[in-house]
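Structural description and commentary
Here's the letter readout for the chains.
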Amino acid sequence: MATTDDTGKTGPHASPSDTTPPARPPAGGDAVPGGRMPRWLPRAMVLAFALFGAFQLSTWAFHQITGLLLNILIAFFLALAIEPAVSRMAARGMRRGLATFLVFFGLLIAFAGFFTLLGSMLAGQITKMIEDFPQYLDSVINWINTTFHTELRRVDIQEGLLNSDWLKKYAQNSAAGVLDISAQVLGGLFQLLTIALFSFYFAADGPRLRRALCSVLPPARQAEVLRAWEIAVDKTGGYIYSRGLMALISGGAHYVLLLALGIPYAPALAMWVGVVSQFIPTIGTYLAGALPMLIAFTVAPVYAVWVLIFVVVYQQFENYVLQPKLTSKTVDIHPAVAFGSVVAGTALLGAVGALIAIPAIATLQAFLGAYVKRYDVTDDPRVHGHRRRGDGPSLVTRARRLWTKARPERPSGSDRQSG
């Protein structure tokens, strides 16, 4: 018996053309039956998260040990600076560790004596300033009363200062900041100890360190590393020599000024200015000039102004004239390169970069100079910057030619007769 389907057609079965064809799988070779994710995707996600975590961990660790790396860098250059003295003593039969200890002990004695002398001088001058402070205050009050026709009194000013809120807040902040200052002092001492310890090991175990470094390199690379080390020692020593020479010149110039003004402790102050301004980068100039100004103020306030003017003028002369010239002679780099390296080092690493920029650039320049092929320069006036004597016509000949070209031509005799 025939049946009727939903479309109204009769027949034992529906037509094959009316049935819906089965769905085809989506195109693509990575498709997985059943709609499951590809097998490589979980591994790729785990690998991506692992790499991201490793990057974050390494970045955090690098930021945590940045201070240590800078201390090691300073210690390395300090060891290069004392390497010639240690090697000379070791060549005479002394043990290298003992030679390094003697060099460090000599430096420690020199710095301790220097700062002890300056500390005693500074303490005496501060005591004198405190004792003479009422006289300074009276002179300032008299000048104000005479100039502005006021009636100020020292007693009123002292009472106003003692009862002011500003003084109370300053005392409270100072008391609260004692712990911070103590922590900073202890941190600075620990940093100095770290630098001294690493520099001692670098200097005492220099040959062992070079052997360990060369043991992992082929013979050709070993010669290059040893040559670079020798160049670094030479350039760092030259840099220290130039700094010492500039300290001597700076101390002499400031000694003449302080002696002319009649400032007490002129030799010690001149030594302070020379050493601090040259061997403490960035802020050394300001620290060096502050102490002579303070001592000059105890003699006469106008002398402090003269010292300030001289410090600023001399600093400009040293930065743009003296330092580039001496650096180019001792470290053998161009003055512009020396100045630019200090600016770049300060921008990258701050005071540490300013301190080690010149010897680092000089070492790199000297090391790369051996691998740069140079050619003979063509004989051209544009290269020499001026015309050499004997090349081309003389000045008189060129002037005569110009005069001949500019003078109007006269008509010949035949032309005058025909006319």
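Figured I'd write up the structure that's included with this text.

1. Focus: the overall build of the protein
The secondary structure content of the protein amounts to 16 helices and two strands. Sorting the 419 residues of the protein into buried and exposed places 25% on the buried side. Within the protein, counting contacts between residues at least 6 apart in sequence, those at least 24 apart form 61% of the total. About 29800 Å² of surface is accessible on the protein, with carbon and sulfur atoms providing 67% of the total.

2. A short note on the environment of Ala232
Structurally, Ala232 is set in helix α8 (residues 219–261). The exposure class assigned to Ala232 is buried, which follows from its relative accessible area of 10%. With residues up to four places along the chain from it excluded, the contact list for Ala232 reads Leu80 and Thr363.

3. Some thoughts on the pattern of salt bridges
By the definition in use, this model includes three salt bridges. Put simply, Arg96 and Glu83 hold a salt bridge, and the shortest N to O gap is 2.6 Å. Here Arg96 is found in helix α3 (residues 96–148), whereas its partner Glu83 is found in helix α2 (residues 66–91), with 13 residues between them in sequence. Put simply, Glu83 and Arg210 hold a salt bridge, and the shortest N to O gap is 3.7 Å. Separated by 127 residues along the polypeptide, Glu83 in helix α2 and Arg210 in helix α7 (residues 206–214) bring together distant segments of the chain.

4. Observations regarding a nonpolar patch on the surface
A grouping of Leu98, Phe101, Leu102, Phe105, Leu108 and Ile109 is seen on the molecular surface, where their side chains present a nonpolar patch of about 580 Å² in accessible area. Within the fold, Leu108 resides in helix α3. Classification of Leu108 by relative accessible area gives exposed; the value is 54%.

5. What about the packing of α2 against α3?
Packed helices, taken two at a time, are described by the angle their axes make and the gap between the axes. Two elements in contact, α2 and α3, have axes whose closest approach is 9 Å; the angle formed by their N-to-C orientations is 130°. For the element pair α2 / α3, the angle class is oblique. Along this stretch, α2 crosses α3, giving a crossing that reads as right-handed. Counted together, Ile82, Glu83, Ala85, Val86, Ser87, Met89 and Ala90 of α2 and Arg96, Ala99, Thr100, Leu102, Val103, Phe104 and Leu107 of α3 form the full contact between these two elements. Considered class by class, the residues forming the contact of α2 with α3 number 10 nonpolar, two polar and two charged.

6. Observations concerning the packing of aromatic side chains
One pass over the full model with this rule turns up nine aromatic pairs. Residues Phe76 and Trp229 carry aromatic rings whose centres are separated by 5.6 Å and whose planes lie at 85° to one another, so their mutual orientation is edge-to-face. With Phe76 in helix α2 and Trp229 in helix α8, this residue pair connects regions lying 153 residues apart in the sequence. Between Phe101 and Phe105, the ring centres sit 6.1 Å apart and the planes meet at 25°, which makes this aromatic pair stacked.

Calculation notes
- Residues numbered from 1 in each chain as written.
- Predicted model: local features only at pLDDT ≥ 70, side-chain atom pairs only at ≥ 80, totals over all residues.
- Heavy atoms only, no water.
- Helix = DSSP H or I, 4+ residues; strand = E, 2+ residues; numbered from the N terminus.
- Buried < 20%, exposed > 50% of the residue type's maximum accessible area, 1.4 Å probe, protein only.
- Contact = heavy atoms within 4.5 Å.
- Areas by Shrake-Rupley, 256 points an atom, 1.4 Å probe, with all protein chains shown as cover.
- Salt bridge = Lys/Arg side-chain N within 4 Å of Asp/Glu carboxyl O.
- Patch = residues over 30% accessible without salt bridge, like charges linked within 9 Å, V, L, I, M, F, W, Y side chains within 5 Å.
- Axes fitted to C-alpha atoms, helices over the stretch in contact; angles between N-to-C directions.
- Parallel < 35°, antiparallel > 145°, perpendicular 65-115°, else oblique.
- Left-handed = near helix turned anticlockwise from the far one by under 90°.
- Nonpolar A, V, L, I, M, F, W, Y, C, P; charged D, E, K, R; others polar.
- Phe/Tyr/Trp six-rings, centres within 6.5 Å; stacked < 30°, edge-to-face > 60°.

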